[in-house]
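Fold and contact review
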Amino acid sequence: MVSSLLSLLCATFDENYQSKVHPSFVVILKQLSDDELRILRHVFDSSCLVPLITLQVKVGASGGRTDFFRHFSCLHKELGLASYNRASDVPVLLDNLSRLKLIEIHEDRRMTDDEPYAKILADADFAAIKDRVKLDDGMEWNIRKMFFDMTDFGAQFCKVCFAYSEIVDKTE
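Residues numbered from 1 in each chain as written. Predicted model: local features only at pLDDT ≥ 70, side-chain atom pairs only at ≥ 80, totals over all residues. Heavy atoms only, no water.

As for its placement among the helices and strands, Met139 is situated in strand β4 (residues 139–150). Linking Met139 and Val57, residues 82 residues apart in sequence, is a C-alpha distance of 6.6 Å. Discounting residues that sit within four places of it in the chain, Met139 has contacts with Val57, Lys58 and Val59. (Helix = DSSP H or I, 4+ residues; strand = E, 2+ residues; numbered from the N terminus. Contact = heavy atoms within 4.5 Å.)

What follows covers the confidence of the model for the protein. Low pLDDT means the predicted atomic positions in that stretch should not be read closely. Across the protein, pLDDT averages 82, with 80% of residues at or above 70. Across the protein, strand β3 (residues 103–106) holds the top mean pLDDT of 97, while helix α9 (residues 165–171) sits lowest at 46. Within the model, pLDDT remains below 50 along residues 5–11, and this stretch shows 22 contacts once partners closer than five positions in the same chain are excluded. With pLDDT under 50 throughout, residues 167–172 is counted as low confidence; its partners more than four residues away or in other chains account for seven contacts. (pLDDT = per-residue confidence, 0-100.)

Let us now look at unusual backbone geometry. Peptide bonds are trans in most cases, and residues, glycine excluded, mostly fall at negative phi. In this structure, Ser47 is a non-glycine residue whose phi angle is positive, near 50°. You can call Ser47 exposed: its relative accessible area is 68%. Positive phi, normally seen in glycine, also occurs at His71, with a value near 55°. With respect to the element layout, His71 can be found in strand β2 (residues 64–72). (Buried < 20%, exposed > 50% of the residue type's maximum accessible area, 1.4 Å probe, protein only.)

So this is what it looks like as structure tokens:
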């Protein structure tokens, strides 16, 4: 986080970035963990959509559904998240990034390619979550596929806060 703060400070003095430095960026940085910054950096650098799966329990003939595990991803493994090293911790990070409007979770949309979802469905942690619960008669699992991406505000935040990070990292 220190390198992001220093990068933000440098950007405020750079004519190319001054107009992009939003007054709330310092306050936002104070509300982010290193793992959240790692997620932002990954999404910003790769310009990718990140697949998520919400595991639901479907009850009876009425088809009523209850979320059992929200926003499962493989980010904890892919990025080597330090303080949140379990799949069950990642949704907390995503909720905070969403709360700050740096990412948007599209629960009503899904990616057209099923390959990223297949990776999640094959993940051992995902299987372990399902195995922890024995469903009663008339209940079944329902898989909701969705994704998240970076907002325009989040992209601007990343441009400014990561602009000088390589230079700052070399000086630390």
